[in-house]
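Tertiary structure, described
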Amino acid sequence: MPPAMILLLTAVALLLTAVVVGGEGKSLMLTLERASHEGVGVSQLRDRDRVRHGRLLQQQPVGVVDFQVEGTYDPYLVGLYYTRVKLGTPPKEFYVQIDTGSDVLWVSCNPCNGCPTSSGLQIELEFFDPQSSSTASPISCSDQRCALGAQSSDSGCSDQNQCGYTFQYGDGSGTSGYYVYDSMYFDSIVGNSVTSNNSASVVFGCSTSQSGDLTKPDRAVDGIFGFGQQGLSVISQLSSQGVTPNAFSHCLKGENGGGGILVLGQIVEPNMVYTPLVPSQPHYNVNLQSIAVNGQRLNIDSSIFATSGNRGTIIDSGTTLAYLAEEAYDPFVSAITEAVSGPVRPILSKGTQCYVTSSSVSENFPPVTLNFAGGASMTLRPQDYLLQQSSISGIPVWCVGIQKIQGQGITILGDLVLKDKIVVYDLGGQRIGWANYDCSSSVNVSTTTSTGKTEFFNAGQVDNSADNQVFKLIPLTIIALLLHLPFFGMLPL
């Protein structure tokens, strides 16, 4: 059997991802997968994303680190991205949802009112107990880090002088608890040495109460891993300690079992384009300036996409679909319908524009281009804005997956358009970049070392022979041996 095949089979059997780094480089890498759930309708997806949008809240070197992630990802099924983190001493593992729309890492604690005790994701839920960790310490109200917590939540003080928090989400669900300072453990590789249980101390939330959808067991996890920009986000804490660069990246695979990689660091790719982040925003806002369908710019006022008040364009990997501001939606859908070619029959299903066609959508539907400030463009294939819903008399039905947000003036670019792309959140440079990419392939990661030298690490087969100690790694995409299930189930016509 060829060595490459042996390596692949070993990786699949162990469900592990090897992560390496050379020289003095520092970076973190996580592999992501999407947990599948039952197929649902477009309206239900919109409802779930509406919940998600409520969660866009109001307002020593350690080497490369491997966070093992379990679950499956399929773009035609509803799911979420989650990974495992090790917290406390002795370390205990917790499943946490990856969330770019909030800032704080929090996990369910013991005791907890309303916290789920089982999960439809077939994972065993845990509870963090600060009394059982020899390194845990509460954050007092006078601690300056308590003031940082006020950037991300409603904070307050308990009778025990503990810095508390409350996250209230738009759907009425929420969580409250108090902040804890404790160790997060990593398995990492620094130089030529593989080391386990390296740690960095971080502040995270200890949830003692949950309400609303957070209490439901169908997609329950132990907590949420916030990747926002505020001071108490883990990426901000680790970068300020010199543990990681002030950047993270992801590449989410859209087909053949899904999967992906999340890197605390910058993935580099020659075709990357960047657009500036809108400054002083709590979320990842960018300036979308225009939309073109089949090369023709749509007649949409660019001010519709500008960030002002409650308006703006947000990149959010936690949103399943994508959403356009109300004023841009109708011109967009009309342009798609006018540009289709071949045997395509447009139909409406509960207000969603759909198309019945037995032909290839990649051949009969136009490309879409999103144009951003700084000259960056994001090209969408038909598969990046259409979703196959069901069939009529055996003929596939494809629906526009980009939905309308009524009355809010917000455009949100979610997984539907972000999949099959490297996306880099360069927080130090205050920019976001992307490039179309096969996310089942290896990726290159760069970081600036303590000597100022920029090094590149390739996600490929481990090779220690290079003089400059540039190592390679194989990112794991768990191959799910599952039957392909329809994304929406039956189409209600």
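Predicted model only: the values in this text are computed from it and were never measured.

Considerations on the overall build of the protein
Of the regular secondary structure elements, the protein holds seven helices and 32 strands. The burial tally for the protein puts 56% of its 493 residues in the buried class. Summed over its atoms, the accessible surface of the protein is roughly 19700 Å², and 49% of this surface lies on carbon and sulfur atoms.

Quick word on unusual backbone geometry
Pro-90 follows Thr-89 through a cis peptide bond whose omega is 0°. Turning to its location among the elements, Pro-90 is positioned in the loop between strand 3 (82-87) and strand 4 (92-99). Here the amide bond leading from Asn-110 into Pro-111 is cis, since omega sits at 0°, within 30 degrees of zero. Mapped onto the secondary structure, Pro-111 falls in strand 5 (residues 105-113). One non-glycine residue, Lys-350, lies in the positive phi region at around 50°. Residue placement: Lys-350 occurs in the loop between strand 21 (345-349) and strand 22 (352-356). Of note, the phi angle at Ser-393 is positive, near 55°, even though the residue is not glycine. By the secondary structure assignment, Ser-393 is in the loop between strand 25 (386-392) and strand 26 (395-400).

Considerations on the pairing of strand 24 (residues 377-380)
Across the two faces of strand 24 the burial differs, with Met-378 and Leu-380 buried and Ser-377 and Thr-379 not buried at all. When strand 23 (residues 368-372) meets strand 24, the two strands line up antiparallel, connected through four bridges. Bridge pairing links Leu-370 to Met-378 in strand 24. Once strand 23 ends, the chain turns through four residues before running back antiparallel as strand 24, passing Gly-374 with a positive phi of about 85°.

Let's talk about the sheet that holds strand 23
Judged by pairing direction, the sheet is antiparallel, and its four strands sit side by side in the order 18-17-23-24 without closing on themselves. Edge strands, defined here as strands with exactly one partner in the open sheet, are strand 18 (296-297) and strand 24. The pairing of strand 17 (residues 288-293) with strand 23 spans five bridges and is antiparallel. When the sheet's bridge partners are listed, Ala-292 is paired in strand 23 with Thr-369.

Some thoughts on the state of the cysteines
Disulfides are covalent bonds that link the sulfur atoms of two cysteine residues. A full pass over the atoms with the stated rule returns five disulfides. Two residues, Cys-109 and Cys-206, share a disulfide whose sulfurs are 1.8 Å apart. With the S-S dihedral at roughly -130°, the linkage between Cys-109 and Cys-206 falls on the left-handed side. Taken together, the positions of Cys-109 in strand 5 and Cys-206 in strand 10 (residues 193-211) put the pair 97 residues apart, joining distant regions of the chain. A relative accessible area of 0% means that Cys-206 is categorised as buried. Through a disulfide, Cys-354 is tied to Cys-399; the S-S separation comes to 2.0 Å. Between Cys-354 and Cys-399 the sulfur-sulfur dihedral comes to about 100°; the bridge is accordingly right-handed. Placement of the pair is Cys-354 in strand 22 and Cys-399 in strand 26, with a sequence separation of 45 residues. Across the pair, Cys-399 and Cys-354 agree in class, each one buried.

Quick look at the environment of Gln-383
Relative to the helices and strands, Gln-383 is located in the loop between strand 24 and strand 25. Considering only alpha carbons, one finds Gln-383 and Phe-365, 18 residues apart in sequence, at a separation of 9.4 Å. Excluding residues within four positions of it along the chain, Gln-383 makes contact with Ser-362, Leu-416 and Lys-419.

So, the sheet that holds strand 25
Taken together, four strands build an open sheet; the order of strands is 21-22-26-25 and the sheet is antiparallel. Each edge of the open sheet carries a strand with a single partner, namely strand 21 and strand 25. Sheet twist, expressed as the average angle between the axes of neighbouring strands with direction ignored, equals 35°. Relative to strand 26, strand 25 runs antiparallel, the two sharing six bridges. Across the sheet, the residue bridging to Ser-391 is Pro-396, located in strand 26. Relative to strand 22, helix 5 (residues 326-339) is tilted by about 10°, and along the sheet it contacts strand 21, strand 22 and strand 26.

Some points on the pattern of salt bridges
Overall, the coordinates contain 11 salt bridges when judged by the stated rule. In this structure, Arg-431 engages Asp-426 in a salt bridge whose closest nitrogen and oxygen atoms are separated by 2.9 Å. The class of Asp-426 is buried, set by a relative accessible area of 8%. A single network of salt bridges, built from pairs that share partners, joins Arg-381, Asp-384, Lys-419, Asp-420 and Lys-421.

Re helix 5
In an α-helix, one full turn covers 3.6 residues, which means residues spaced three or four apart are oriented alike. Counted at 1.5 Å a residue, the expected span for helix 5 with its 14 residues is 20 Å, and the 21 Å between its end C-alpha atoms agrees. Within helix 5 the residues assigned to the buried category are Ala-328, Tyr-329, Phe-332, Val-333, Ala-335 and Ile-336. Summarising the axial view, the buried residues of helix 5 lie within an arc of 160°, below the 170-degree limit, and thus occupy one face. Packing partners of the buried residues in helix 5 comprise strand 17, strand 20 (322-325), strand 22, strand 23, strand 26 and strand 27 (402-405).

Some words on the nonpolar core
In this structure, Phe-332 and Ile-402 are the most contacted members of the largest nonpolar core, which totals 80 residues. At six residues, the largest contribution of residues to this core is made by helix 5. Contact partners of Ile-402, with chain neighbours within four places excluded, come to Ala-322, Tyr-323, Leu-324, Tyr-329, Phe-332, Leu-380, Tyr-385, Leu-416 and Val-417.

Let's talk about the packing of aromatic side chains
Summed over the entire model, instances satisfying the criterion amount to 12 aromatic pairs. Measuring from ring centre to ring centre gives 6.1 Å for Phe-248 and Tyr-284, while their planes differ by 65°; the resulting arrangement is edge-to-face. Here Phe-248 is found in strand 12 (residues 247-252), whereas its partner Tyr-284 is found in the loop between strand 15 (273-276) and strand 16 (285-286), with 36 residues between them in sequence. With respect to burial, Phe-248 and Tyr-284 carry one shared label: buried.

Each value, and the rule that gives it
- Residues numbered from 1 in each chain as written.
- Predicted model: local features only at pLDDT ≥ 70, side-chain atom pairs only at ≥ 80, totals over all residues.
- Heavy atoms only, no water.
- Helix = DSSP H or I, 4+ residues; strand = E, 2+ residues; numbered from the N terminus.
- Buried < 20%, exposed > 50% of the residue type's maximum accessible area, 1.4 Å probe, protein only.
- Areas by Shrake-Rupley, 256 points an atom, 1.4 Å probe, with all protein chains shown as cover.
- Pairing = 2+ DSSP bridges.
- Disulfide = S-S within 2.5 Å.
- Contact = heavy atoms within 4.5 Å.
- Axes fitted to C-alpha atoms, helices over the stretch in contact; angles between N-to-C directions.
- Salt bridge = Lys/Arg side-chain N within 4 Å of Asp/Glu carboxyl O.
- Expected span 1.5 Å × (residues − 1).
- Arc of directions from axis to C-beta.
- Core = buried A, V, L, I, M, F, W, Y, C linked by side-chain atoms within 4.5 Å.
- Phe/Tyr/Trp six-rings, centres within 6.5 Å; stacked < 30°, edge-to-face > 60°.

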